[in-house]
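Spelled out, the chains give:
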Amino acid sequence: MLANSNATANVAVKDLARAKAFYEGTLGLKQVDDMGGELIVYESGDTLINVYHSQFAGTNKATAVTWTVGDEIEAVVKSLKSKGVAFEHYEMPGLTIEGDVHVGQGMKVAWFKDPDGNILNLVSR
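What you see is a predicted model; the values in this text were computed from it and never measured. (Residues numbered from 1 in each chain as written. Predicted model: local features only at pLDDT ≥ 70, side-chain atom pairs only at ≥ 80, totals over all residues. Heavy atoms only, no water.)

Caption draft 1: Just the overall build of the protein, in detail. Counting its secondary structure elements, the protein contains 2 helices and 10 strands. Start at the N end of the protein and walk to the C end: the helices and strands fall as β-α-β-β-β-β-α-β-β-β-β-β. Taken over the C-alpha trace, the protein has a radius of gyration of 15 Å; the compact-globule value for 125 residues is 14 Å, and the two agree within 12%. With respect to the principal axes defined by its C-alpha atoms, the protein has extents near 45 × 40 × 25 Å. For the protein, the proportion of its 125 residues judged to be buried stands at 38%. (Helix = DSSP H or I, 4+ residues; strand = E, 2+ residues; numbered from the N terminus. Rg over C-alpha atoms; globule rule 2.2 N^0.38 Å. Buried < 20%, exposed > 50% of the residue type's maximum accessible area, 1.4 Å probe, protein only.)

Right, dumping it as C-alpha cells:
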C-alpha cells in the first residue's frame, strides 16, 4: 500500500530560528517551504525533512534522521566538525571507533545531535 509513496522525516525542535541556523547553515540543507513559522521543510537529496516546533523536542533517544553519504563519510564528518558539530561515541557490538566514525560489519557510521538533542547520523552504505 505505501511501498510506492515517498516518506518524510519529522524532527521536533524547541526554537525554529536556532534549528534553521543548524539545518541550513551547519548541515547545508535547502529550505523549500515555511509554514507559518511553525514548520520548515528542507530538501535533502530526493527526500524531505520537516523541522517543526514542539514542546516535546529532543525527547526521542533514538536516531531521527540518517543520511547515506557513501565513501564521503570521513570528509562529511570533518566538515561538520569544523563547523562545531560534536560527534557521539557509542559502545556497540561489532563496531570499533576510529576518530568519530564507528567502523564494522561492512559499514561506517557517525552520530551527532542537533541543538535540541535530536540524534542524527551519517552512514557509508
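Caption draft 2: Broad picture of the nonpolar core. Counting 25 residues, the largest nonpolar core has Tyr 23, Leu 27, Trp 67, Phe 112 and Leu 122 as the members making the most contacts within it. For Trp 67, the residues in contact, after removing those within four places along its chain, are Leu 27, Leu 29, Ser 44, Ile 49, Phe 112, Leu 120, Asn 121, Leu 122 and Val 123. Core analysis: the next-biggest nonpolar cluster, separate from the first, contains 6 residues, Leu 95, Val 109, Trp 111 and Ile 119 among them. (Core = buried A, V, L, I, M, F, W, Y, C linked by side-chain atoms within 4.5 Å. Contact = heavy atoms within 4.5 Å.)

Caption draft 3: Geometry of the packing of aromatic side chains. With the rule as written, the count across this model stands at 5 aromatic pairs. Here the aromatic rings of Tyr 23 and Tyr 42 are separated by 6.1 Å at their centres, their planes lie at 20°, and the arrangement is stacked. Placement of the pair is Tyr 23 in helix α1 (residues 16-26) and Tyr 42 in strand β3 (residues 39-44), with a sequence separation of 19 residues. Per residue, the accessibility class of Tyr 23 equals that of Tyr 42, and both read buried. (Phe/Tyr/Trp six-rings, centres within 6.5 Å; stacked < 30°, edge-to-face > 60°.)

Caption draft 4: Here's a closer look at unusual backbone geometry. Although it is not a glycine, Gln 105 sits at a positive phi angle of roughly 55°. Structurally, Gln 105 is set in the loop between β8 (101-104) and β9 (107-113).

Caption draft 5: Focus on α1. Turning to α1, its buried residues are Leu 16, Ala 19, Phe 22, Tyr 23 and Thr 26. Along the axis of α1, the buried positions cluster into a sector of 150°, meaning they face one direction only. Facing away from the buried side of α1 by over 90 degrees, the exposed positions are Ala 17 and Gly 25. Between the side-chain oxygen of the N-cap and the backbone nitrogen of Ala 17 there are 3.0 Å, and the N-cap of α1 in question is Asp 15. Looking one or two residues beyond α1, the residue adopting positive phi is Gly 28, at roughly 80°. (Arc of directions from axis to C-beta. Polar contact = N/O pair within 3.5 Å; in protein donor to acceptor, adjacent residues only side chain to side chain.)

Caption draft 6: Highlighting the pattern of salt bridges. Taken as a whole, this structure holds 5 salt bridges when the rule is applied. For Arg 18, the salt bridge goes to Asp 116, with nearest N and O atoms at 2.7 Å. Residue Arg 18 is found in helix α1, and its partner Asp 116 is found in the loop between β9 and β10 (119-123); the two are separated by 98 residues along the sequence. In this structure, the salt-bridge partner of Asp 100 is Lys 81, at a minimum N-O distance of 2.6 Å. Taken together, the positions of Asp 100 in the loop between β7 (96-98) and β8 and Lys 81 in helix α2 (residues 73-82) put the pair 19 residues apart, joining distant regions of the chain. (Salt bridge = Lys/Arg side-chain N within 4 Å of Asp/Glu carboxyl O.)

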